[in-house]
Amino acid sequence: MFIIYCPYCCEYREEEEFHPKGQAHIERPKDPEACSDEEWGDYLFFRDNPRGVHHEMWVHAAGCRKFFNVTRHTVSYKILETYKMGEKPSVTAESVAATTATPESVQKEGVRA
Ligand SMILES: [Zn+2]
């Protein structure tokens, strides 16, 4: 079970109060009419599926009902940070790769309970 920190409630709460809502930081095309079908299809349907650090949007459905972002490692499921909508992540794939942590060492830490 995840214990997730809501950046709006400023509290750690149980996973059951939250719902994942997919990849974060997907920008809607500024002029949809100018998009090709391929560009619009990419915006609507195609998402990243990295092995490693991933930024996701979650909602605190049984709490404040606000959307926020989560940086999560897809191998270990470890949540590295949560942050409010409109903010930039402080943990990125590049910053994790710069540390000495290997995927195996991250995997051993497991899911935070
Ligand atoms: Zn909340």
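Everything numeric in this text was worked out from a predicted model, so none of it was measured.

Asker: Just checking my understanding: could you explain the sheet that holds strand β5 (residues 67-73) for this structure?
Answerer: Within a beta sheet, neighbouring strands are joined by backbone hydrogen bonds and run either parallel or antiparallel to one another. Ordered in space as β3-β4-β5-β6, the 4 strands form an open sheet in which the pairing is antiparallel. At either end of the open sheet lies a strand with only one pairing partner, and these are β3 (19-23) and β6 (79-84). Put simply, the sheet's adjacent strands are angled 30° from each other on average, direction ignored. As defined by bridge partners, β5 adjoins β6 across 5 bridges and the pair is classed as antiparallel. Following the sheet pairing, Phe68 is matched in β6 by Lys84.

Asker: How should the pairing of strand β1 (residues 3-6) be read in this particular structure?
Answerer: The side chains of a regular strand alternate, residue by residue, between the two faces of the sheet. Going residue by residue along β1, you find Ile4 and Cys6 tucked away on one face and Ile3 and Tyr5 left uncovered on the opposite face. Strand direction decides the pairing type here: β1 and strand β2 (residues 11-14), joined by 4 bridges, are antiparallel. Each residue of the ladder has a partner; that of Ile4, found in β2, is Arg13. Counted between consecutive antiparallel strands, the loop separating β1 from β2 contains 4 residues, among which Cys10 sits at a positive phi close to 60°.

Cut-offs and rules
- Residues numbered from 1 in each chain as written.
- Predicted model: local features only at pLDDT ≥ 70, side-chain atom pairs only at ≥ 80, totals over all residues.
- Pairing = 2+ DSSP bridges.
- Helix = DSSP H or I, 4+ residues; strand = E, 2+ residues; numbered from the N terminus.
- Axes fitted to C-alpha atoms, helices over the stretch in contact; angles between N-to-C directions.
- Buried ≥ 20, exposed ≤ 12 C-beta atoms within 10 Å, placed from the backbone.

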